[in-house]
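Topology and contacts: notes
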Amino acid sequence: MSDLFKRLEKAGAGSRYPLAEILDAAGFNADGLIPAIAQQHDSGDVLMMAWMNRDALEETLSTGRVCYWSRSRGKLWRKGETSGQQQHLVSAALDCDGDTLLMRVDQTGPACHSGRRSCFYVALEKHQARIDSDPIIDPDSLYATVDRSH
């Protein structure tokens, strides 16, 4: 944990810090990435986890449209640019260590490339795994010619 995030532990509500200073101290990994969890702002449903680099995070904050880093494509990935299933930023927060982002979003349609609302649909139980939701859109209709991995 950076010294800045250690100091933030004692900061009071409403304290303000320059964004560049916070991002400089954030816990981007050796590849320059930080995990970003997308949560539907009104229901609290966890939709997906993806990666952001600093450019993706800064673009998201400046435009309000969520942008991630696609590790498989090696480029910025604006959520919904091929499927139309966009995420619009409601709020963003770093965790107490500065190494994970929570993006509260307004998701259009499914968040998952499988056509499901959430990427977290494989429920793990004591002795088995269970699929706990059906696709709300056929993924083949979303991604007829696009590689669905991200």
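Here we summarise the structure given alongside this text. (Residues numbered from 1 in each chain as written. Predicted model: local features only at pLDDT ≥ 70, side-chain atom pairs only at ≥ 80, totals over all residues. Heavy atoms only, no water.)

1. A look at the pattern of salt bridges
A side chain with one charge may pair with a side chain of the opposite charge, provided their charged atoms come close. In total, this model carries six salt bridges according to the counting rule given. A salt bridge links Arg 54 to Asp 24; the nearest nitrogen and oxygen atoms lie 2.5 Å apart. Of this pair, Arg 54 sits in helix 3 (residues 54-63) while Asp 24 is found in helix 2 (residues 19-25), placing the two residues 30 residues apart along the sequence. A relative accessible area of 26% means that Arg 54 is categorised as partly exposed. A salt bridge links Glu 125 to Arg 130; the shortest N-O distance between them is 2.5 Å. Overall, Arg 130 belongs to the partly exposed group, its relative accessible area being 39%. (Salt bridge = Lys/Arg side-chain N within 4 Å of Asp/Glu carboxyl O. Helix = DSSP H or I, 4+ residues; strand = E, 2+ residues; numbered from the N terminus. Buried < 20%, exposed > 50% of the residue type's maximum accessible area, 1.4 Å probe, protein only.)

2. Details of the environment of Arg 130
Tracing the backbone shows Arg 130 in strand 8 (residues 129-131). Sequence-distant contacts of Arg 130, that is, excluding residues within four places in its chain, are made with Tyr 121, Val 122, Ala 123 and Glu 125. (Contact = heavy atoms within 4.5 Å.)

3. Side note on the layout of surface pockets
Of the volumes computed, that of the largest pocket is approximately 250 Å³. In terms of lining, the largest pocket is formed by 13 residues, of which the most central are Leu 19, Ile 22, Ala 92, Ala 93 and Leu 94. Secondary structure elements with two or more residues in the lining of the largest pocket: helix 1 (3-8), helix 2, helix 3 and strand 5 (87-94). Tallied by class, the residues present in the lining of the largest pocket amount to 12 nonpolar, no polar and one charged. Each pocket or cavity is described by its volume, and for the second largest pocket that value is around 210 Å³. Residues that form the lining of the second largest pocket fall into these classes: three nonpolar, three polar and one charged. (1 Å grid on protein atoms, 1.4 Å probe; cavity = no way out; pocket = protein on both sides within 12 Å on 5 of 7 lines; lining within 4 Å. Points joined across faces, edges and corners; volume = space filled by probe spheres on them. Nonpolar A, V, L, I, M, F, W, Y, C, P; charged D, E, K, R; others polar.)

4. Observations concerning the side chain of Arg 116
Mapped onto the fold, Arg 116 is located in the loop between strand 6 (101-107) and strand 7 (122-124). No salt bridge is formed by the buried Arg 116; the nearest opposite charge belongs to Asp 134, separated by 5.2 Å. Here Arg 116 is in contact with Pro 110, Ala 111, Tyr 121, Ile 131, Ser 133, Asp 134, Pro 135 and Ile 136, once residues within four sequence places are set aside. (Lys, Arg positive; Asp, Glu negative; His and termini not counted.)

5. Topic: the packing of aromatic side chains
Tallied over the entire structure, the rule returns one aromatic pair. Geometry around Tyr 121 places Arg 116 over its ring, the cationic atom sitting 3.9 Å from the centre. (Phe/Tyr/Trp six-rings, centres within 6.5 Å; stacked < 30°, edge-to-face > 60°. Lys NZ or Arg CZ within 6 Å of the ring centre and 35° of its normal.)

6. Here's the deal with the pairing of strand 1 (residues 34-40)
Counting buried positions along strand 1 yields six of seven residues, so the element is predominantly enclosed. The sheet contact formed by strand 1 and strand 2 (residues 46-52) spans six bridges and is antiparallel. The residue bridging Gln 39 from the neighbouring strand is Val 46, located in strand 2. As consecutive antiparallel partners, strand 1 and strand 2 are separated by five residues, and within that stretch Gly 44 has a phi angle of approximately 85 degrees, a positive value. Pairing of strand 1 with strand 6 involves five bridges; the strand directions are parallel. When the sheet's bridge partners are listed, Ala 36 is paired in strand 6 with Leu 101. (Pairing = 2+ DSSP bridges.)

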